[in-house]
Amino acid sequence: MLRRTLERFTLTDLFMWLVGGSIILLVVVGSVATLRAGNYTARHWFDFVVFGIAQGSVYALIALGYTLVYGILRMINFAHSEVFMSGAFTGYFIANSMSRSGFLDRNPIIGLLAIFAVAITTSVTVAVLLERIAYRPLRRSPRLVPLITAIGASFFLQYTFRGLYGSQNRAYPEVDALDGAWSLGGEFVIQKIQVLVIVAAALFMFGLYMFVQRTRTGKAMRAVSEDKDTAALMGIDVDAIIVRTFILGAALAGAAGVLYALMFRQVNFFMGFIPGIKAFTAAVLGGIGNIPGAMLGGLFLGLFESVGPTLFLDGLGIPAPYQLKDVIAFTMLVLVLIYRPTGILGERLATAKA
Amino acid sequence: MAILELENVHSYYGHIHALKGVSLIVEEGEIVTLIGANGAGKSTTLKTISGLLRPREGHIRLNGEDLSAYKAHDIVSKGVVQVPEGRRVFGRLTVTENLEMGAYTRSNASETAQAVERVFHLFPRLKERHNQLAGTLSGGEQQMLATGRALMAYPKVLLLDEPSMGLAPVLVDSIFDTIKQLHREGTTILLVEQNARMALQIADRGYVLQTGQVVLNDSAQNLRQNETVQKAYLGIS
């Protein structure tokens, strides 16, 4: 048994073990050094964690869009980041006008709901058009074709919105009601906006989960994702279910767009790219096609990105480690693809026919 | 008027001409069987009737209404339901959820619940396992589920594609018993089978397909006596 394992152990394996080992070593040594240096107090770590969860919730919401579409079409919808951007960007205009008239500060709840409604409607419209115009005609073509189309559609949408709304950064208005923080006793405080992001994201995700598990459409979505032909033989209108899947994913992306904009206060036509690719990473991390996986992957990535740079790198004497958060996120993607390509909750590729 | 009628149907897989002018008739309340070797076009015929393949030529009529323009899911709501080859249950849905998918064309919850009860009455095994994922069922149970799922839509015409495939002989008998029972209850059945002997025992009439064409069609009794059929499909020399 041991001999056979040794015989199969190739140079590539050795190299991969070395890479994996040195990364683990780096992480452990860095973390120990950071903690021993003691530059950061419990309050700092608490802030990192809360911010990580908030950011991760947004990633999770976007990741669900990738995973839902992948589950049903076995295709990565690379234009999903633009679905997210379109909602956030369009939401800006209503947010801005409501803020100027003072409505947003007088009726923050109605105001926020209106922003969500506009953003979600925009994202859903964009996604439905995308599916109808760009993807449906290619349903039966080889898998590379819709993938390239998705990348093209992503650019098309970016520059369409640049043409419509301009190329400058726009500052999302502040909402008075979301300004400030709550004290949790002692030195711990939590930003109101972060609470809103986490609670809203949790509600949306719970809603999605119940929808997919309990409703007739949700069950049909699961059936279509397993076997389209048989679903059609049961009388399920497969195209209609695919459209509804895009709508669901887009609604979550629109909501994520508003939460993201409220948290980071800035929108532009290119804003979808980084969160989009992070969310895609999160979806792969959790196991693409798997709904709880996308949620878990998003939270995990958000936390890692927030806590990781400081924890792993600060102690190694690397200046401004937070600048390296994207390196950490994508290193994690590479590691997952190497050591567990199916993701945390993913099933074996053989059964998923991916 | 025949309940289901195919007239000179041609279908293609890409460039492959799979059905070369198939004509057949199923009368109300009959069991009609299609027999033939692998690749003769039996499953293709069912796929074309169900709308998974579009006939490039010819007509498919249900009670005189042309079905060729409808999509697969519309054909189900017209009353033609197929149990696909290899069962194809939704493995990650529970037994009950699978059955609910069979009733997708009716949105009425109490009707669906009634239909589920009917299937559970027909297949008590499924009732015991109603909360289990369909992927964990045995082959025989999956065939019961696939059949029950199709019955959820109360089909006028039931298309069965190789229901006995890969099942132990005991289970084959029980599947054929179920088919007979459905027939007694008045369901019209078009049955595709490798097991020509069993199929010709329960069928009223049969069609023999060869390379996409009907080469013989007669009553099941005559087909059983037919020398060519005996040689080619029943293993009697």
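Structure: see above.
**As for the overall build of chain B**
- From N to C terminus, chain B includes 10 helices and 10 strands.
- Expected size for 237 residues packed as a compact globule is a radius of gyration near 18 Å; at 17 Å, chain B falls within 12% of this value.
- Overall, chain B is about 45 × 40 × 35 Å in size when its C-alpha atoms are taken along their principal axes.
- Burial status across chain B gives 53% buried among its 237 residues.
- Long-range contacts, defined here as pairs at least 24 residues apart, represent 67% of the contacts in chain B between residues at least 6 apart.
- When the accessible surface of chain B is summed, it comes to about 10,300 Å², and 47% of that surface belongs to carbon and sulfur atoms.

**Description of the packing of aromatic side chains**
- All told, the structure shown has 22 aromatic pairs over all chains when counted by the stated rule.
- Taking the centre distance of 5.0 Å and the plane angle of 75° together, the rings of tyrosine 92 of chain A and phenylalanine 93 of chain A count as edge-to-face.
- Taken together through their ring pairs, the aromatic side chains of Phe89, Tyr92, Phe93, Phe161, Tyr165 and Tyr172 of chain A make up a single cluster.
- Over the face of the ring belonging to tyrosine 104 of chain B we find arginine 216 of chain A, whose NZ or CZ atom lies 4.2 Å from the ring centre.
- Positioned above the aromatic ring of tyrosine 12 of chain B is the side chain of arginine 56 of chain B, whose terminal nitrogen or guanidinium carbon lies 3.8 Å from the ring centre.

**Here we look at helix 13 (residues 291-313) of chain A**
Residue and element names in this part refer to chain A.
- Between the first and last C-alpha of helix 13 there are 32 Å, a value that for 23 residues agrees with the 33 Å anticipated at 1.5 Å per step.
- The largest bend in helix 13 amounts to roughly 45° and is located at valine 307, with the proline proline 309 lying one to four residues further along.
- Here helix 13 lies mainly inside the structure; 17 of its 23 residues are buried.
- For helix 13, the N-terminal capping position is held by asparagine 290, with its side-chain oxygen 2.9 Å away from the main-chain nitrogen of glycine 293.

**Section: the side chain of glutamate 82 of chain A**
Residue and element names in this part refer to chain A.
- As for its position among the elements, glutamate 82 is in helix 4 (residues 80-100).
- Buried glutamate 82, no salt bridge; nearest opposite-charge side chain is arginine 162, N-O distance 12 Å.
- Looking at glutamate 82, its side chain comes within polar contact range of the side chain of glutamine 158, at 3.1 Å.
- Here glutamate 82 is in contact with Ser154, Leu157, Gln158, Gly272 and Phe273, once residues within four sequence places are set aside.

**Brief notes about the sheet that holds strand 8 (residues 188-192) of chain B**
Residues and elements named next belong to chain B.
- Strand order in the open sheet formed by 6 strands is 6-7-8-3-9-10, and the pairing between neighbours is mixed. With one partner strand each, in any of the chains shown, strand 6 (80-83) and strand 10 (213-219) form the two edges of the open sheet. Strand-to-strand twist in this sheet, taken as the mean axis angle between neighbours without regard to direction, amounts to 20°.
- Summarising the sheet, strand 3 (residues 31-35) and strand 9 (residues 205-210) pair through 4 bridges and their orientation is parallel. Looking at the pairing, valine 32 lines up with arginine 205 of strand 9.
- Running at roughly 175° to strand 6, helix 6 (residues 139-151) makes contact with strand 6 and strand 7 (157-161) of the sheet.

**Section: the pattern of salt bridges**
- For the coordinates displayed, the defined rule picks out 23 salt bridges over all chains.
- Salt-bridge contacts for aspartate 239 of chain A lead to lysine 71 of chain B; the nearest nitrogen and oxygen are separated by 3.6 Å. Of this pair, aspartate 239 of chain A sits in helix 11 (residues 238-264) while lysine 71 of chain B is found in the loop between strand 5 (65-66) and helix 2 (72-78), placing the two residues in two different chains.
- Of the charged contacts in the structure, one is a salt bridge between lysine 325 of chain A and aspartate 326 of chain A, with a shortest N-O distance of 3.7 Å.
- What makes aspartate 326 of chain A partly exposed here is its relative accessible area of 26%.
- Within this structure, Glu131, Arg136, Arg139 and Asp239 of chain A together with Lys71 of chain B form a network of salt bridges that share partners.

**A short note on the interface of chain B and chain A**
- With 24 residues of chain B at the interface, the matching set in chain A holds 21 residues.
- Carbon and sulfur atoms supply 56% of the area that chain B and chain A bury against each other, a total of about 2,200 Å² over both sides.
- Of all residues in chain B, Phe90, Arg92 and Tyr104 of chain B give up the largest surface area on contact with chain A, accounting jointly for 33% of the area buried on that side.
- Scanning the region where chain B abuts chain A turns up 5 salt bridges.
- Two residues, arginine 222 of chain A and glutamate 97 of chain B, come together in a salt bridge whose shortest N-O distance is 2.9 Å.
- Counting the contacts that link chain B with chain A gives 8 residue pairs in polar contact (both at pLDDT 80 or more).

**Remarks on the sheet that holds strand 4 (residues 57-62) of chain B**
All names here are of chain B.
- Overall, antiparallel pairing links the 4 strands, which are arranged 2-1-4-5 in an open sheet. Strands with a single pairing partner mark the edges of an open sheet, and in this sheet they are strand 2 (16-26) and strand 5.
- Here strand 4 runs beside strand 5; their pairing, made up of 2 bridges, is antiparallel. Following the sheet pairing, arginine 61 is matched in strand 5 by aspartate 66.
- Along the sheet, helix 1 (residues 42-50) contacts strand 1 (4-13), strand 2 and strand 4; its crossing angle with strand 1, the most-contacted strand, is approximately 105°.

**Observations regarding the layout of surface pockets**
- One number sums up the size of the largest pocket: a volume of about 1,500 Å³.
- Contributing to the lining of the largest pocket are 43 residues, with Arg139, Arg140, Lys228, Asp229 and Val238 of chain A lying nearest its centre.
- At the level of secondary structure, the elements contributing two or more residues to the lining of the largest pocket comprise helix 3 (42-73), helix 9 (216-226), helix 10 (228-233), helix 11 and helix 15 (349-352) of chain A together with helix 2 of chain B.
- Residues belonging to the lining of the largest pocket are distributed by class as follows: 18 nonpolar, 8 polar and 17 charged.

**Considerations on the pairing of strand 1 of chain B**
Residue and element names in this part refer to chain B.
- Pairing between strand 1 and strand 2: 8 bridges, direction antiparallel. If you follow serine 11 over to strand 2, its bridge partner there is leucine 19.
- Where strand 1 hands over to strand 2, the hairpin turn is made up of 2 residues, of which glycine 14 adopts a positive phi near 60°.
- In this sheet, strand 4 lies alongside strand 1 in antiparallel orientation, the contact comprising 5 bridges. When the bridges of strand 4 are listed, leucine 6 appears paired with isoleucine 60.

Each value, and the rule that gives it
Residues numbered from 1 in each chain as written. Chains lettered and ligands numbered in written order. Predicted model: local features only at pLDDT ≥ 70, side-chain atom pairs only at ≥ 80, totals over all residues. Heavy atoms only, no water. Helix = DSSP H or I, 4+ residues; strand = E, 2+ residues; numbered from the N terminus. Rg over C-alpha atoms; globule rule 2.2 N^0.38 Å. Buried < 20%, exposed > 50% of the residue type's maximum accessible area, 1.4 Å probe, protein only. Contact = heavy atoms within 4.5 Å. Areas by Shrake-Rupley, 256 points an atom, 1.4 Å probe, with all protein chains shown as cover. Phe/Tyr/Trp six-rings, centres within 6.5 Å; stacked < 30°, edge-to-face > 60°. Lys NZ or Arg CZ within 6 Å of the ring centre and 35° of its normal. Expected span 1.5 Å × (residues − 1). Bend = angle between axes of the 7 residues up to and from the residue. Polar contact = N/O pair within 3.5 Å; in protein donor to acceptor, adjacent residues only side chain to side chain. Lys, Arg positive; Asp, Glu negative; His and termini not counted. Salt bridge = Lys/Arg side-chain N within 4 Å of Asp/Glu carboxyl O. Pairing = 2+ DSSP bridges. Axes fitted to C-alpha atoms, helices over the stretch in contact; angles between N-to-C directions. Buried area = accessible area lost by both parts, 1.4 Å probe. 1 Å grid on protein atoms, 1.4 Å probe; cavity = no way out; pocket = protein on both sides within 12 Å on 5 of 7 lines; lining within 4 Å. Points joined across faces, edges and corners; volume = space filled by probe spheres on them. Nonpolar A, V, L, I, M, F, W, Y, C, P; charged D, E, K, R; others polar.

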